[in-house]
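# Observations on the model geometry
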Amino acid sequence: FELAAAGDKISNTYWFDGAVLANYLVSSGNFVHPVSRRPLDRSEMIALDRYVESNKCGKACVVHVFDKKDSSDDNAQNHVAALQLEAAAILNNLFAA
């Protein structure tokens, strides 16, 4: 998955495994570029979910967590927490020694 360092196509771009990036963003709830540390925007989350879906890399829920992470609704927070735990478990299984 291609992600520009500065949020435009002119700056350096980095390539990431889309499934790993999606699970990292969901599990951490920290929606920043892994290299440049710039905040990621919703359009990038939409593109990442599309990538995950089109490549059959698992459940596409990055936009959902991005949209609901700061919600004051208990149901939304519980759902986000469940998705974060699931994503963390996937990452642990991928990178367990």
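Up top you'll find the structure we're talking about.
Below you will find a few notes about this structure. For every chain, the first residue of the written sequence is number 1, and numbering continues from 1 onward in sequence order. Local features in a predicted model are, by the rule used here, given only for residues with pLDDT of at least 70; side-chain atom pairs are given and counted only at 80 or more, and totals for whole chains, interfaces and linings are based on all residues. Side-chain measures here rest on the full set of heavy atoms in the structure, leaving out hydrogens and waters.

## Brief notes about the packing of aromatic side chains
- Ring pairs shown here join Phe, Tyr and Trp side chains whose ring centres sit within 6.5 Å, with only the six-membered ring taken for Trp; geometry is labelled stacked below 30 degrees between planes, edge-to-face above 60, and tilted in between. In total, this model carries 2 aromatic pairs according to the counting rule given.
- When the centroid spacing of 5.7 Å and the interplanar angle of 70° are considered together, the rings of Phe1 and Tyr51 count as edge-to-face. Remark: Tyr51 occurs in helix H2 (residues 42-54) and Phe1 occurs in the segment before strand E1 (2-4); sequence separation between them is 50 residues.
- Of the residues examined, Phe1 reaches a relative accessible area of 12% and is grouped as buried.
- Should the NZ of a Lys or the CZ of an Arg lie within 6 Å of a ring centre and within 35 degrees of the ring normal, that charge is described as sitting over the ring. For the cation-ring pair, Lys69 lies above Phe66, with the distance from its terminal atom to the ring centre recorded as 5.1 Å. Each helix is a run of H or I in the DSSP string that is no shorter than four residues. Each strand is a run of E no shorter than two, and both are numbered from the N terminus. Partly exposed describes any residue whose relative accessible area lies between the buried limit of under 20% and the exposed limit of over 50%, with all areas from a 1.4 Å probe on protein chains only and scaled to the type maximum.

## Focus: the side chain of Asn23
- On the secondary structure map, Asn23 appears in helix H1 (residues 18-28).
- Taking the relative accessible area as the measure of exposure, Asn23 reaches 13% and is therefore buried.

## Comments concerning the pattern of salt bridges
- When a carboxyl oxygen of Asp or Glu is within 4 Å of a side-chain nitrogen of Lys or Arg, the pair counts as a salt bridge. Per the counting criterion, the structure on display carries 3 salt bridges.
- Notably, a salt bridge pairs Asp67 with Arg42, separated by 2.7 Å at the nearest N-O pair. Placement of the pair is Asp67 in helix H3 (residues 62-68) and Arg42 in helix H2, with a sequence separation of 25 residues.
- Given a relative accessible area of 37%, Asp67 falls into the partly exposed group.
- Residue class for Arg42 comes out partly exposed when judged on its relative accessible area of 38%.
- Residue Lys69 is joined to Asp70 by a salt bridge in which the shortest nitrogen-to-oxygen separation is 3.2 Å.
- Accessibility expressed as a relative area gives 66% for Asp70, which makes it exposed.

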